[in-house]
Amino acid sequence: MATSSLLEEAISISKQFDISNDQLVAISEEFIRLTDLGLKSGGMPMAMIPSYVTGVPNGTEKGTFLAVDLGGTNFRVCSIHLNGDGTFDLLQTKSVIPRNLMVGTAKELFSFLAKKVDEFIKTHLDEKFNEERGHPANEHIYKLGFTFSFPVNQTAINRGTLIRWTKGFDVADAVGMDVCLLLQHELDLLNLPVHVAALVNDTVGTLMSRSYSSPRGSVTKLGVILGTGTNGAYVESLAAVDKLDNSAAALADKSIMVINTEWGSFDNDMKILPRTSWDDAVDLETPNPGYQMFEKRVSGMFLGEILRRVLLELHEKGYLFPRSSTPLTTAWSLDTSILSRVEADSTPDLVAVKSIVEMDLGLPTTLLERQAVKLIVEGIGKRSALLAGAVIGGILVHLRACQSNPVVDIGVDGSVFEFYPGYEDLMRVALKAVMGEDESKIRIGIAKDGSGVGAALCALVA
Ligand code: ADP
């Protein structure tokens, strides 16, 4: 084994994940250019989807709302009681969607969803619950926010036709249909006092949730997801959304609109994003090579796999690990939480790294090998945070957010941001490179539960 130059090799790999301040500025400038283009043109190359949400909460909102979330294997039903002081009470139930309904008919799927709402109301929103909140059960009509995490063509706050299913769903007769109307129809058949008031993207929900709960006196401008995937939604001036018919009656007295950027697909053309051979290898393993190129360098779904690719190559070249193992050679076997745990180990002997590599890769290590693993992890994690910071900075520069506000607030949801050690500090390095001293005006906070409280807030402002 060529361990004598292992550390040199690891340092040189880690350097390939470095991004200079000049590059960060160039990335944010390209991001702003594509943002502008996306607001003008019909969705290319960055989707920049108008959410039809034309107001953001300030924390004083009150009331009880329903939210449902269909995004994968589970269907969540929640009630959210907003207390009017930035806090809320949330009740929720979760049901697994039966496999046969994921590939059956629209009628079967949406009547199942409506039945779950019915059960929820009967169990949790009984008369006592309503009386406590001053609503006689049979008189109150609940506004419901519907988080639906599949591609839709949204045409109003509670109108959107399904473009296609993803994530294992294939309910053919729902494609091209309005998913809000499908749900409303089934709720009506059960005589439920529920109005589907908003169709909600989870990133928009994150922005709304943070805007409600952020400390008073600040303005929340941006909601960010840094979890399995990454995305951002921000508050845009309605006049800037060129591709919308701003003269439409429903928008006549409105001045802002929340835009879902879909920034995961920023720079799919790879004009400006950093690129390593390991990124290319991971991209080729995905079902959509050449797409979501920003996301593939930033989000939790991919960082573990980038690490595995680097380690495997070092092993194959004879630098690392005396033998191979199934996790080392199996695509997608390393979870991104491994990077967090490695990053957190500051012991001189890297004892945590030793047990992580033993447990998760099934391999013994020397100290030198553990140091190499740590260097590589740091490179991959740092690049993710710097890229996230560069596009966040890009949006804030585009909005001139710091010129008119003493504190600009950002809400973030997702395990990568929440648990990766030092992630915010690294994001701030990029923000500083892009925004200079204005970086100090940015407050970043966790925004919990965009698809629950955020969806409720979209229903409220609808
Ligand atoms: P989701 O985005 O699916 O709603 P999360 O925000 O929990 O859910 O994100 C899940 C992603 O975060 C997964 O890709 C997972 O690998 C990654 N992840 C989970 N725990 C950690 C951690 N401690 N540090 C970094 N990434 C993590």
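Up top is the structure.
These numbers come from a predicted model, not from an experiment. (Residues numbered from 1 in each chain as written. Predicted model: local features only at pLDDT ≥ 70, side-chain atom pairs only at ≥ 80, totals over all residues. Heavy atoms only, no water.)

## Things to note about the packing of helix H14 (residues 367-399) against helix H17 (residues 423-435)
- It is at 7 Å that the axes of H14 and H17 come closest, and there the two elements cross at 45°. Looking at the two axes, H14 sits oblique to H17. For the pair H14 and H17, the crossing hand works out as right-handed.
- For the contact of H14 with H17, a count of residues per class yields 15 nonpolar, five polar and one charged. (Axes fitted to C-alpha atoms, helices over the stretch in contact; angles between N-to-C directions. Helix = DSSP H or I, 4+ residues; strand = E, 2+ residues; numbered from the N terminus. Parallel < 35°, antiparallel > 145°, perpendicular 65-115°, else oblique. Left-handed = near helix turned anticlockwise from the far one by under 90°. Nonpolar A, V, L, I, M, F, W, Y, C, P; charged D, E, K, R; others polar.)

## Concerning the pattern of salt bridges
- As enumerated under the stated definition, the model contains 24 salt bridges in all.
- Residues Lys-317 and Glu-313 are paired through a salt bridge, measuring 3.0 Å at the closest nitrogen-oxygen approach.
- Among the residues examined, Glu-313 registers a relative accessible area of 26% and is labelled partly exposed.
- Linked through salt bridges whose partners overlap, the residues forming this network are Glu-285, Glu-305, Arg-308 and Arg-309. (Salt bridge = Lys/Arg side-chain N within 4 Å of Asp/Glu carboxyl O. Buried < 20%, exposed > 50% of the residue type's maximum accessible area, 1.4 Å probe, protein only.)

## Thoughts on unusual backbone geometry
- Although it is not a glycine, Met-270 sits at a positive phi angle of roughly 60°.
- For Met-270, the position within the fold is in the loop between strand E11 (256-260) and helix H8 (277-285).
- Accessibility expressed as a relative area gives 15% for Met-270, which makes it buried.
- Notably, Arg-400 is not glycine yet its phi reads approximately 50°, a positive angle.
- Locating Arg-400 in the fold gives a position in the loop between H14 and helix H15 (401-404).

## A look at helix H1 (residues 6-16)
- Turning to H1, its buried residues are Leu-6, Ala-10, Ile-13 and Ser-14. Looking straight down H1, one finds its buried side chains confined to an arc of 100°; they lie on one side. With respect to the buried face of H1, the exposed residues turned more than 90 degrees away are Glu-8 and Lys-15.
- In the core, the buried residues of H1 are packed alongside H8, helix H10 (300-316) and H14. (Arc of directions from axis to C-beta. Contact = heavy atoms within 4.5 Å.)

## Overview of the layout of surface pockets
- Roughly 180 Å³ of volume is contained in the second largest pocket.
- Tyr-52, Thr-54, Ile-157, Ala-250 and Leu-251 are the residues nearest the centre of the second largest pocket, which is lined by 12 residues in total.
- Looking at side-chain class alone, the lining of the second largest pocket contains nine nonpolar, two polar and one charged residues. (1 Å grid on protein atoms, 1.4 Å probe; cavity = no way out; pocket = protein on both sides within 12 Å on 5 of 7 lines; lining within 4 Å. Points joined across faces, edges and corners; volume = space filled by probe spheres on them.)

## Brief notes about the site of the ligand
- As a structural note, the neighbourhood of the ligand is formed by Gly-227, Thr-228, Gly-300, Met-301, Asp-335, Thr-336, Ser-337, Ser-340, Gly-414, Ser-415, Val-416 and Phe-419.
- At 3.3 Å, a backbone N or O of Met-301 approaches an oxygen atom of the ligand.
- Residue Ser-415 places a side-chain N or O atom 2.5 Å away from an oxygen atom belonging to the ligand.
- Here the ligand loses 64% of its free accessible area of 560 Å² to cover by the protein chains.
- Looking at the shell around the ligand, the elements with two or more residues in it are H10, helix H12 (337-344) and helix H16 (415-419).
- A class-by-class count of the residues in the shell around the ligand yields three nonpolar, eight polar and one charged. (Near = heavy atom within 4 Å. Polar contact = N/O pair within 3.5 Å; in protein donor to acceptor, adjacent residues only side chain to side chain. Areas by Shrake-Rupley, 256 points an atom, 1.4 Å probe, with all protein chains shown as cover.)

## Digging into the environment of Lys-15
- Relative to the assigned elements, Lys-15 resides in helix H1.
- A sequence separation of 365 residues divides Lys-15 from Ile-380, and the C-alpha atoms of the two residues are 9.8 Å apart.

## A few points about the packing of aromatic side chains
- Counting across every chain of the model gives 14 aromatic pairs.
- Ring centres of Phe-146 and Phe-148 lie 5.4 Å apart, and the angle between their planes is 65°; on these two criteria the pair is classed as edge-to-face.
- For Phe-148, a relative accessible area of 5% gives the class buried.
- In textbook terms, an aromatic cluster arises when at least three aromatic residues are bridged by ring pairs, as seen for Phe-146, Phe-148, Phe-150, Trp-165 and Phe-169. (Phe/Tyr/Trp six-rings, centres within 6.5 Å; stacked < 30°, edge-to-face > 60°.)

## Points about the state of the cysteines
- Tallied over the entire structure, the rule returns zero disulfides.
- In this structure Cys-78 is a free cysteine whose sulfur lies 13 Å from that of Cys-458, the closest cysteine sulfur available.
- Judged by relative accessible area, Cys-78 falls into the buried class, the value being 1%. (Disulfide = S-S within 2.5 Å.)

## Quick look at the nonpolar core
- Judged by nonpolar contacts, the single largest core of 109 residues is most densely connected at Leu-226, Trp-263 and Tyr-423.
- With 14 residues, H14 is the single largest residue contributor to this core.
- Ignoring sequence-local partners within four residues, the contact set of Leu-226 consists of Val-298, Ala-388, Val-412, Asp-413, Gly-414, Ser-415, Val-416, Phe-417, Tyr-423 and Met-427.
- One finds Leu-70, Tyr-142, Phe-148 and Leu-199 within the second-largest nonpolar core, a separate group that totals 38 residues. (Core = buried A, V, L, I, M, F, W, Y, C linked by side-chain atoms within 4.5 Å.)

## Thoughts on the packing of helix H7 (residues 202-213) against helix H18 (residues 450-461)
- Across the interface, H7 lies against H18 with an axial gap of 7 Å and an inter-helix angle of 80°. In terms of their interaxial angle, H7 and H18 are classed as roughly perpendicular. Contact residues: Asp-202, Val-204, Gly-205, Thr-206, Met-208, Ser-209 and Tyr-212 in H7; Gly-450, Val-453, Gly-454, Leu-457, Cys-458 and Val-461 in H18.

## A look at the sheet that holds strand E3 (residues 74-83)
- In spatial order, the strands read E4-E3-E2-E5-E8; together these five strands make up an open sheet with mixed pairing. Looking along the sheet, the strands with just one partner apiece sit at the ends: strand E4 (88-96) and strand E8 (194-200). In this sheet, adjacent strand axes meet at a mean angle of 20° when their direction is disregarded.
- Where strand E2 (residues 62-70) lies against strand E5 (residues 142-148), five bridges are found, and the strand directions are parallel. For Ala-67, the partnering residue across the bridge sits in E5 and is Gly-145.
- Across the sheet, helix H6 (residues 179-189) is in contact with E2, E5 and E8; its angle to E8 comes to roughly 160°. (Pairing = 2+ DSSP bridges.)

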